[in-house]
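Residue-level listing of the chains:
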Amino acid sequence: MKLRRPVIAGNWKMHKTVHEAEGLVKDLILELPDVSNTDVVLCPPFTALYRVAELVSKTSIRVGAQDMHWEKEGAYTGEISATMLRGVYCRYVILGHSERRQYFGETNQTVNRKAKTAMAANLRPIVCVGETLEQREKQDFKAIVRSQVIESLDGIPADQSGELILAYEPVWAIGTGRNATPAQAQEVHALIRSILVEIYGVKQAKKVRIQYGGSVKPANAAELLSQPDIDGALVGGASLEARGFAAIVRAAS
Ligand code: PEP
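Residues numbered from 1 in each chain as written. Predicted model: local features only at pLDDT ≥ 70, side-chain atom pairs only at ≥ 80, totals over all residues. Heavy atoms only, no water.

A. Spotlight on the site of the ligand. Neighbouring residues of the ligand: 14 residues in total, closest K13, E169, G175, S215 and G236. Contact between the ligand and G175: an oxygen atom at 2.7 Å from a main-chain N or O atom of the residue. At a separation of 2.7 Å, an oxygen atom of the ligand approaches a polar backbone atom of S215. Assessed atom by atom at 2 Å from the grid points, the ligand resides in the second largest pocket. Here the shell around the ligand is built from residues that sort into four nonpolar, eight polar and two charged. (Near = heavy atom within 4 Å. Polar contact = N/O pair within 3.5 Å; in protein donor to acceptor, adjacent residues only side chain to side chain. 1 Å grid on protein atoms, 1.4 Å probe; cavity = no way out; pocket = protein on both sides within 12 Å on 5 of 7 lines; lining within 4 Å. Sits in = over half its atoms within 2 Å of the grid points. Nonpolar A, V, L, I, M, F, W, Y, C, P; charged D, E, K, R; others polar.)

In structure tokens:
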């Protein structure tokens, strides 16, 4: 039995029209009729959030967004606020995904602002961290992950930390088919846990869930999820197909 309740999130990225999303969610509900000991979160594109939330409303599945803005409202063309996400029944939001860092200028500082705004709006942030291949090869990855965690969580008080979810996603493992080995992932998850102990103390640090992400699939999920500090998975490609995603959820539960 895991100390922390596992949380499996599907990041659909820029995939699925509303119509396609309906089909995937209906299939998923049939595949997962009885999940009770794992949190399951679907993160479709903004355009499908409302419909997906409607479809899962009578199930234990929850809905999350893939990003949001840090301001409450205003002249920020193209952006979406935390209140808007709450208005379409979102409970979670992915922040600082490596694709947002790589292509859209996301930094630890913007992630930090977004995380604080999300928490104030009762959205659970899934804060993504992880090193590039170059950083791993140069043995810089521990320092990189350390600064990502510390800067992204700056100023988030200990009494709110239980609501946080972190996702360790080595960039070299995302969408490549090459997952971190369970030992490589556990090493970084333990490091993240020790950083959380420094920030929040042992009792609170034990409550924070840390997901692994990067080429998680049915064949490797159980072994990754059996590691002591791996409390769930953030799943990209394999979340676009109901049977595979359901198998990953079952591996966690
Ligand atoms: C992701 O984008 O968060 C991810 C982990 O992708 P994939 O599972 O496809 O590697």
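B. Region of the structure containing the side chain of Q66. Mapped onto the elements, Q66 comes out in the loop between β3 (62-65) and α3 (82-87). Only 3.0 Å separates the side chain of Q66 from the backbone oxygen of C43, close enough to count as a polar contact. A polar side-chain atom of Q66 sits 3.4 Å from the main-chain carbonyl oxygen of P44. (Helix = DSSP H or I, 4+ residues; strand = E, 2+ residues; numbered from the N terminus.)

C. Just the packing of helix α5 (residues 108-120) against helix α7 (residues 141-152), in detail. For the pair α5 and α7, interaxial distance at closest approach is 8 Å and the crossing angle is 35°. In terms of crossing hand, the pair formed by α5 and α7 is right-handed. Listed contacts from α7 to N108, Q109, V111, N112 and A115 of α5 are S147, Q148, E151 and S152. The residue makeup of the contact of α5 with α7, split by class, is two nonpolar, six polar and one charged. (Axes fitted to C-alpha atoms, helices over the stretch in contact; angles between N-to-C directions. Left-handed = near helix turned anticlockwise from the far one by under 90°. Contact = heavy atoms within 4.5 Å.)

D. Quick peek at the environment of T117. Looking at the secondary structure, you find T117 in helix α5. According to the relative accessible area criterion, T117 is buried, its value standing at 17%. Along the primary structure T117 and H69 are separated by 48 residues, whereas in three dimensions their C-alpha atoms are 8.4 Å apart. Setting aside chain neighbours within four positions, we find T117 in contact with M68, H69, W70 and A82. (Buried < 20%, exposed > 50% of the residue type's maximum accessible area, 1.4 Å probe, protein only.)

E. Just the sheet that holds β3, in detail. If you trace the eight strands once around the closed barrel, you get β1-β2-β3-β4-β5-β6-β7-β8, paired in parallel fashion. Recorded for the sheet is a direction-independent mean angle of 25° between the axes of neighbouring strands. Sitting on the sheet, α5 is in contact with β4 (92-95) and β5 (124-129), with an inclination near 175° to β4. (Pairing = 2+ DSSP bridges.)

F. Representation of empty space enclosed by the protein. Inspection of the entire model under this criterion finds one cavity of 30 Å³ or more. One number sums up the size of the largest cavity: a volume of about 40 Å³. At the level of secondary structure, the elements contributing two or more residues to the lining of the largest cavity comprise α4 (98-104) and β5. Taken together, the residues of the lining of the largest cavity break down into three nonpolar, four polar and two charged. (Points joined across faces, edges and corners; volume = space filled by probe spheres on them.)

G. Geometry of the state of the cysteines. Enumeration over the complete set of coordinates arrives at zero disulfides. Counting only cysteine sulfurs, C90 is the nearest neighbor of C43, a cysteine outside any disulfide, at a range of 7.8 Å. Looking at C128, it has no disulfide partner, and the nearest cysteine sulfur is the one in C43, 9.4 Å off. Classification of C128 by relative accessible area gives buried; the value is 1%. (Disulfide = S-S within 2.5 Å.)

H. Molecular detail of the layout of surface pockets. Its boundaries defined by the atoms lining it, the largest pocket holds a volume of some 430 Å³. Lining the largest pocket are 15 residues, with K13, M14, Q66, R100 and F104 positioned closest to its centre. Among the secondary structure elements, those contributing two or more residues to the lining of the largest pocket are α2 (46-56) and α4. Split into classes, the residues belonging to the lining of the largest pocket amount to seven nonpolar, four polar and four charged. The calculated volume of the second largest pocket comes to roughly 200 Å³. Every residue lining the second largest pocket is counted, 18 residues in all, and those nearest its centre are G175, G214, S215, G236 and G237. Counted by class, the lining of the second largest pocket contains five nonpolar, 10 polar and three charged residues.

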